[in-house]
Structure formats: structure tokens, C-alpha cells
Amino acid sequence: MRKFLKTTYIAVITILLGTFLFPLQAQDQAGKPGNVIAQRTEVMKLMAGKMETIHDMLDGALHFKNEAFSHAVKELKEKSGAHLTALFPKGSTGEKSRAKTGIWGDWVSFKGYADALEKAAKGLEKTSAVAIKNGSIVKVQKQMSRGSYSGVNEAEKAKAMADMKIMQQSFIAIAKTCKGCHEKFKIPKKKAE
Ligand code: HEC
């Protein structure tokens, strides 16, 4: 009997912890503007990192790697749209934030940029899927890294260049949404910083 009581007691405690304590904790964390500011700063930094990878792979500073490229694009897509706006609950700004209060006064426009980013990321997802399927970029890179320029097939090279160009255009479309939103809704850094 005692053992039964003890087991029941533990079960009840576990249920209480599960249903009451954890949601309370979650609520408490979401309610603190500091946490959400730190969270979105991380997301923004991550996106900036992915943009750098994509940029470098599209201008030849880095080798074009199918998986790394697709992964970077996927991250951008998944962090944009509704996922991005969720990181800006009403009034979540302050000393540690560069978010302008205008975000919540012009939410439609702010949301518009977040959605435009998602759309632009999907655009690059499409153009890069075609380029990856063509495979010309990786082929040409391999040929060139062997140092045999003469061995590079001209037609293949032209295809690779065309694929690069289309992806560069998709990249610019993404960068424009970052810049557009920042210009309107992010407090610029002071010159001394
Ligand atoms: C919908 C608007 C919006 C879009 C789109 C957007 N950002 Fe931001 N970004 C902001 C705002 C607002 C801040 C300031 C957040 C804060 O300090 O609380 C910010 C901050 C940043 C920061 C500074 C983080 C730090 O260290 O404080 C970086 C870097 C950044 N964004 C990169 C990007 C990149 C790269 C993209 C595009 C891929 C992008 N952002 C798209 C609104 C946006």
C-alpha cells in the first residue's frame, strides 16, 4: 500500500510539474523582452552568416558546395516570414535593442519585409535547385582546380556562368529585403561604434 501511495505521489508530482511548471516557465521567458531580443539577435547573426556563405560561393571566393549552399538557403527560408515576425512581440525594444518602435505602428510594412524575405529565399531555393541539377558549376570548378584551363569545356563553362548569374540575381533580391527592413526599422549604429 505504501509503495502504491509513493508511486501515485510521484506520478502526481510529475503531472503537476509537466502541466503547470513548464508552461509557466515558458510564459515567463517569452514575457521578458530581453530574451526575445537576444533570440532574434542570434537569428539575425545566423542569417548574416548564411548570406556571407552564399555570397562567397556565388563570387568564387569559396568553392560552390551543393549541400552547404542548399543548407544556407534553407536556413534563410526557415528563419523568415512568420518565424521572423514572431521574434518581434509588441513593444519588445529597449536599450539593448536597435528595433525601432515604428515596427508596431507599421506592422503591415514590417511583416511585408519578413514575407518578402521568405519569398526571395524560396526564389533562390528554386534557381539553385536548377543550377545544382545542371551540375555545371561543380564540374567546371573541378576542372579548373586541376589547373587544366584548356581542359575546361567552353559550353559547360557558359552554362556554369549562366547558372551563377541567375543565382546572383536571386541573392540580390534577398539582400534587398534585409536592407529595406533595416533602413526602415533598425536604428543605425553610431559612427563611433
Ligand atoms: C522584417 C525586417 C527585417 C528583415 C527582413 C531582416 N532584418 Fe535584420 N534586423 C531587423 C531589426 C529590427 C534588427 C534590430 C533587432 C534588435 O536589435 O532588437 C535587425 C538586426 C540585424 C543584425 C544585427 C544583429 C546584432 O548583432 O545586433 C544583423 C546582422 C541582421 N539584422 C542581419 C540581417 C540579414 C542578413 C537579413 C536578411 C537575410 C535580415 N537581417 C533581414 C529587421 C530585419
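The text that follows walks through the structure, step by step, so that each part is easy to find. (Residues numbered from 1 in each chain as written. Predicted model: local features only at pLDDT ≥ 70, side-chain atom pairs only at ≥ 80, totals over all residues.)

### Looking at the overall build of the chain
Piece 1. Secondary structure summary: the chain contains eight helices and zero strands in total.
Piece 2. Each helix and strand of the chain, placed in order from N terminus to C terminus, yields the pattern α-α-α-α-α-α-α-α.
Piece 3. Out of the 193 residues belonging to the chain, those deemed buried represent 21%. (Helix = DSSP H or I, 4+ residues; strand = E, 2+ residues; numbered from the N terminus. Buried ≥ 20, exposed ≤ 12 C-beta atoms within 10 Å, placed from the backbone.)

### Considerations on the site of the ligand
Piece 1. Within the structure, the ligand sits among 24 residues, and Met44, Ser97, Arg98, Cys178 and Cys181 are positioned closest to it.
Piece 2. Going through the elements one at a time, α2 (33-58), α6 (107-134) and α8 (154-185) are the ones with two or more residues in the shell around the ligand.
Piece 3. Taken together, the residues of the shell around the ligand break down into 16 nonpolar, four polar and four charged. (Near = placed C-beta within 6 Å. Nonpolar A, V, L, I, M, F, W, Y, C, P; charged D, E, K, R; others polar.)

### A closer look at the packing of α6 against α8
Piece 1. Two elements in contact, α6 and α8, have axes separated by 9 Å at closest approach and are oriented at 170 degrees. With respect to α8, the element α6 is oriented roughly antiparallel. Seen along the crossing, α6 lies across α8 with a hand that is left-handed.
Piece 2. Its residues assigned to classes, the contact of α6 with α8 comprises 15 nonpolar, eight polar and three charged. (Axes fitted to C-alpha atoms, helices over the stretch in contact; angles between N-to-C directions. Parallel < 35°, antiparallel > 145°, perpendicular 65-115°, else oblique. Left-handed = near helix turned anticlockwise from the far one by under 90°.)

### A few points about the nonpolar core
Piece 1. Ile54, Val73, Leu117, Ala121, Leu124 and Ile174 are the most contacted members of the largest nonpolar core, which has 28 residues in total.
Piece 2. Of all the elements in the fold, those that place two or more residues in this core are α2, α3 (66-79), α6, α7 (136-145) and α8.
Piece 3. Sorting elements by how many residues they give to this core places α6 first, with eight residues.
Piece 4. The residues touching Val73, leaving out its near neighbours within four places in the chain, are Ile54, Ala121, Leu124, Glu125 and Ser128. (Core = buried A, V, L, I, M, F, W, Y, C linked by C-beta atoms within 7 Å. Contact = placed C-beta atoms within 7 Å.)

### Points about α3
Piece 1. The terminal C-alpha atoms of α3 lie 20 Å apart, and with 14 residues this matches the ideal 20 Å at 1.5 Å per residue to within 8%.
Piece 2. If you check which residues of α3 are buried, you get Phe69, Ala72, Val73, Leu76, Lys77 and Lys79.
Piece 3. The secondary structure elements touched by the buried residues of α3 are α2, α4 (82-85), α6 and α8.
Piece 4. Just beyond α3, the residue with positive phi is Gly81, at close to 55 degrees. (Expected span 1.5 Å × (residues − 1).)

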